[in-house]
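Each chain, letter by letter, is given below.
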Amino acid sequence: MESANKNNFFHYNSKLKSFAKENRKEMTKAEACLWKYVLGSKQMMGYQFRRQRPVLDYIADFMCKELMLIIEVDGITHQYEEVYYNDKIREMALKRIGFSIIRFSDSEVLEDIHNVTRALESYVFNYREENKT
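1. Quick look at the pattern of salt bridges
Item 1. Taken as a whole and assessed by the stated rule, the structure comprises eight salt bridges.
Item 2. The partner of Arg 103 in a salt bridge is Asp 87, and the shortest N-O contact between them spans 3.8 Å. Taken together, the residues Arg 103 in strand E4 (residues 100-105) and Asp 87 in helix H3 (residues 81-96) connect sequence positions 16 residues apart.
Item 3. On the accessibility criterion, Asp 87 (9% relative accessible area) is buried.
Item 4. The salt bridge involving Glu 91 is made with Lys 95; its shortest N-O contact spans 3.5 Å. Of this pair, Glu 91 and Lys 95 both sit in helix H3, separated by four residues, roughly a single helical turn.
Item 5. Residues joined by salt bridges that share partners form a network here, namely Asp 74, Asp 87, Lys 88, Glu 91, Lys 95 and Arg 103.

What follows is the structure, given as structure tokens:
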């Protein structure tokens, strides 16, 4: 499969648009906190993130085109073997088209948002260093 880029709209899946819209209305507490305090309004070092973005056959919690980054916030259900297995399949598909994936648990976001922010800032800094022109 071809890499995600602006020419293929980063593999945007319009069939999932209404489902993604519903997800945006019903974000979890952890997702809402990450959006409000870290990712929304270009707070993360000036990069624009999108919430509940349809990519391939999945909906990414947060996605930044410029960084080719998807951030997932995992609730308690992600500890179950079947969900964990599905996460791995999804992650492999998204990596295959060029995205990096960073996962945080709900508790990490809700209880230690400062370290979540630092981890993301570190990713952005390293991405910029690796992609200097």
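2. Section: the pairing of strand E2 (residues 58-64)
Item 1. Counting buried positions along E2 gives six out of seven residues, so the element sits mostly inside the fold.
Item 2. The pairing of strand E1 (residues 50-55) with E2 spans five bridges and is antiparallel. Counted as the bridge partner of Pro 54 is Ile 59 from E2.
Item 3. Here E1 hands over to E2 after two residues, with Leu 56 in that stretch at a positive phi of 55°.
Item 4. Inspection of the sheet shows E2 paired to strand E3 (residues 69-74) by three bridges, in the antiparallel sense. Among the inter-strand pairings, Phe 62 is bridged to a residue of E3, identified as Ile 71.
Item 5. Count of turn residues in the E2/E3 antiparallel hairpin: four residues, of which Met 68 carries a positive phi of about 50°.

3. Description of the packing of aromatic side chains
Aromatic ring pairs are reported here in terms of the distance separating the ring centres and the angle at which the planes meet.
Item 1. Summed over all chains, the structure comprises two aromatic pairs.
Item 2. Consider the rings of Trp 35 and Phe 62, whose centres lie 6.1 Å apart with planes at 10°: the pair is stacked. Pair noted here: Trp 35 is in helix H2 (residues 29-39) and Phe 62 is in strand E2, with a separation of 27 residues, a long-range link.
Item 3. By relative accessible area, Phe 62 is classed as buried at 0%.
Item 4. Taking the centre distance of 6.2 Å and the plane angle of 25° together, the rings of Tyr 123 and Tyr 127 count as stacked. Remark: Tyr 127 and Tyr 123 occur in helix H5 (residues 113-130); sequence separation between them is four residues, near one turn of the helix.
Item 5. According to the relative accessible area criterion, Tyr 123 is buried, its value standing at 18%.

4. Quick look at the sheet that holds E3
Item 1. Spatially, four strands are ordered E1-E2-E3-E4 in an open sheet, and the strand pairing comes out mixed. Looking at which strands have only one partner, the edges of the open sheet turn out to be E1 and E4. Here the average twist between neighbouring strands, direction ignored, is 45°.
Item 2. The sheet strands contacting H5 are E3 and E4, and the helix crosses E4 at an angle near 170°.

Rules behind the numbers
- Residues numbered from 1 in each chain as written.
- Predicted model: local features only at pLDDT ≥ 70, side-chain atom pairs only at ≥ 80, totals over all residues.
- Heavy atoms only, no water.
- Salt bridge = Lys/Arg side-chain N within 4 Å of Asp/Glu carboxyl O.
- Helix = DSSP H or I, 4+ residues; strand = E, 2+ residues; numbered from the N terminus.
- Buried < 20%, exposed > 50% of the residue type's maximum accessible area, 1.4 Å probe, protein only.
- Pairing = 2+ DSSP bridges.
- Phe/Tyr/Trp six-rings, centres within 6.5 Å; stacked < 30°, edge-to-face > 60°.
- Axes fitted to C-alpha atoms, helices over the stretch in contact; angles between N-to-C directions.
- Contact = heavy atoms within 4.5 Å.

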